[in-house]
Structure formats: C-alpha cells, structure tokens
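# Structural features, examined
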Amino acid sequence: MGIKDMKLIKNILAKVITMVMISTFIYIGQNQTTSYALPKENISARVNTQTGKIKQCDYLNIRSGASTKYSVVGKAYTNDIVEIIEKNSNGWYKIKLANKTVGWASGSYITIQDTNTTNNNQNSTKASKVVDIAKKQIGKPYKWGAGGPNAFDCSGLTSYSYKNGANVKLPRSSREQAKVGKSVSKKDLQAGDLIFFSSGGSGINHVGLYIGDSKMVHSPRPGENVRIDKINTGYYSRTYVSAKRVL
C-alpha cells in the first residue's frame, strides 16, 4: 500500500469519526429536549404529611396510579379521614387509608384538613375527657399524698384525671405541675387547664382543674371532699397565681 493510499484511508476514518460524534451530540440534544417537554400531568411532588377528609359520595375508588386508567386497589367513603402522601399536578392525591391501603384518588373528592384545627379538635376532646374524669371524683375525701381512686390530694386529683382522661403523666406535686405545659392568661382559660394557687406566701401549693364558666374542680384540704369552686371571687381569687395548658 502506497503513501497516498494510507493518507486516503486516514482521511476517510477522520470523516467517519466526525460524523459519529456529530450524530451522538444530536441524539443527546434530542433526548434532553424531550425530557424537558414531558407533560405537566406526569410531574408529582412529595408533600409534608397532611390529613384529608372524603367529601360526600357513594364511595371513592382508590387506584394504583394517578388517573382512572389504573386499577382499583381500594375504596373510601364519605367522611373517611386519610393521610395525604403525595400530590400530582393533575389534581390526584396519593393517600393512605385507615386500613393502611395506599393508592391514588382525585383530589376533587378530598378536603384538606388544617393541621392546627385537627390538633386543636383532638386536644379539646382529650381535655373534655380529663374534665369528665375529674368531675366523677366529686364527693371523694381529701387525703394527703393520695392519688385515687378512693381519695385524693390536690395534685393527686389532677394527675389521676390526666392519666385516665388523656393518658398524660403529670409530675406528682402542684409545684412541679406548674412547670409543665404552656402558660395561659386567666382570661384565656379553657376547660382542662391546670390552675395554681399560693397561700401563706410559700409559693405554689395548690392546683385545680379548670372546667369553664370561671369554675374549677379540685380537692381542697384535709376534712373536705373533691368539689367545684369559683375562681374569680373570694379566697381563690385572692390566691390565684398562674395557669398552664398541657394539651
């Protein structure tokens, strides 16, 4: 093979390599363009966990994907509470049912529940149970150091009520109970709040459970029974110190 033939072959190879490289760049460029042109309805995003409530309907099909073309994996019904895991931009939500079934449903059938409202409602229900438990102890005698169920001192009553009404364990003494929870003003008291008193200038030495209407249920002192008293008049108005919201 002569020198001219070798040069010719080199030129041909160089052209082939150049054409392959150009084709590769064109292919990559086309793929990149295609990826940015994906339909918006295929784009989904994770969300911070939210709670949803199923709107009025006969039933709502839960599907394996985010459209009606996917198979049904479960059903939800009016007022069912679901956990929202993911949202698709086509308006479908990935949800978890109470029975742990996970699938997709149209968001038009689901009302997003405000997290704060949900938590407040749950806490209000717990507080009501705490108050109910405390009221059931009315008439039982005061006994120092007693935590129920037959007798109570003041902090024994609040501890017993929270344990059995909301599964919340409080410190044993009134002084320690005053260190837990969120401070609330007297004008903002809600049923279930702990209210604290001081007599004789010795710091907090008594606790009651606010039940609404400016009243509390408490276990007052030796020789007396669990009862309801007003907190805005007389002795308890003068000795009132602070209040805490545990729930």
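In this report, the structure presented in the accompanying data block is examined. Source: prediction; values computed, not measured.

### Considering unusual backbone geometry
Going from glycine 148 to proline 149, the amide bond is cis rather than trans, its omega being 5°. By secondary structure assignment, the location of proline 149 is in the loop between α2 (115-135) and α3 (154-166). Notably, asparagine 79 is not glycine yet its phi reads approximately 75°, a positive angle. Of note, aspartate 213 is a non-glycine position whose phi angle comes to about 55°, a positive value. With respect to the element layout, aspartate 213 can be found in the loop between β10 (204-212) and β11 (215-218). Judged by its relative accessible area of 65%, aspartate 213 falls in the exposed class.

### Remarks on the nonpolar core
Of all hydrophobic cores here, the largest spans 18 residues; its most connected members are Tyr162, Leu194, Phe196, Leu209 and Val217. Apart from the residues lying within four places of it in its own chain, the contact partners of phenylalanine 196 are Ser174, Gln177, Ala178, Ile204, His206, Val207, Thr239, Tyr240, Val241, Ser242, Ala243 and Lys244. If you look at the next biggest cluster of nonpolar residues, it comprises 12 residues, including Ile62, Ile95, Ala105 and Ile110.

### Digging into the environment of tyrosine 59
Along the chain, the position of tyrosine 59 falls in the loop between β1 (44-54) and β2 (60-63). What makes tyrosine 59 partly exposed here is its relative accessible area of 44%. Separated by 16 residues in the primary sequence, tyrosine 59 and lysine 75 have C-alpha atoms spaced 6.4 Å apart. Excluding anything up to four places from it in sequence, tyrosine 59 contacts Lys75, Ala76 and Tyr77.

### Side note on the sheet that holds β10
Taken in spatial order, the 6 strands line up as β8-β13-β9-β10-β11-β12 in an open sheet, and their pairing is antiparallel. The strands lining the two open edges of the sheet, one partner per strand, are β8 (182-183) and β12 (227-230). Note that strand β9 (residues 194-198) and strand β13 (residues 240-245) share 4 bridges and pair antiparallel. When the bridges of β13 are listed, phenylalanine 197 appears paired with tyrosine 240. The sheet strands contacting α3 are β9, β10 and β11, and the helix crosses β10 at an angle near 45°.

### Some details on α3
Look at α3: 18 Å from first C-alpha to last across 13 residues, which is about the 18 Å you get at 1.5 Å a residue. In terms of burial, α3 is largely enclosed, as 10 of its 13 residues are buried. What α3 keeps buried is the set Cys154, Ser155, Gly156, Leu157, Thr158, Ser159, Ser161, Tyr162, Gly165 and Ala166.

### Thoughts on the pairing of β10
Most of β10 sits out of view: 8 of its 9 residues are buried. Bridge count for β9 against β10 is 5 bridges, and the pairing is antiparallel. For serine 198, the partnering residue across the bridge sits in β10 and is isoleucine 204. The hairpin formed by β9 and β10 contains 5 residues between the paired strands, and glycine 200 there has a positive phi angle of roughly 75°. When β10 meets β11, the two strands line up antiparallel, connected through 3 bridges. Bridge pairing in β11 places tyrosine 210 opposite methionine 216. Linking two consecutive strands that pair antiparallel, namely β10 and β11, is a turn of 2 residues; a positive phi of about 55° is found at aspartate 213 within it.

### Regarding the environment of histidine 206
Tracing the backbone shows histidine 206 in strand β10. Looking at histidine 206, the relative accessible area reads 8%, which means it is buried. Sequence separation between histidine 206 and tyrosine 240 is 34 residues, and the spatial gap between their C-alpha atoms is 9.4 Å. Non-local contacts of histidine 206, meaning those with residues more than four positions away in its chain, are made with Cys154, Ser174, Ile195, Phe196, Phe197, His218, Ser219, Pro220 and Tyr236.

### Here we look at the pattern of salt bridges
Taken as a whole and assessed by the stated rule, the structure comprises 8 salt bridges. The residue arginine 172 makes a salt bridge to aspartate 153 at a minimum N-O spacing of 3.2 Å. Of this pair, arginine 172 sits in the loop between α3 and α4 (174-177) while aspartate 153 sits in the loop between α2 and α3, and the two are 19 residues apart along the sequence. Note on arginine 172: relative accessible area 36%, which makes it partly exposed. Connected through shared salt-bridge partners, Arg221, Glu224, Arg227 and Asp229 make up one network.

What counts, and where the lines are drawn
- Residues numbered from 1 in each chain as written.
- Predicted model: local features only at pLDDT ≥ 70, side-chain atom pairs only at ≥ 80, totals over all residues.
- Heavy atoms only, no water.
- Helix = DSSP H or I, 4+ residues; strand = E, 2+ residues; numbered from the N terminus.
- Buried < 20%, exposed > 50% of the residue type's maximum accessible area, 1.4 Å probe, protein only.
- Core = buried A, V, L, I, M, F, W, Y, C linked by side-chain atoms within 4.5 Å.
- Contact = heavy atoms within 4.5 Å.
- Pairing = 2+ DSSP bridges.
- Axes fitted to C-alpha atoms, helices over the stretch in contact; angles between N-to-C directions.
- Expected span 1.5 Å × (residues − 1).
- Salt bridge = Lys/Arg side-chain N within 4 Å of Asp/Glu carboxyl O.

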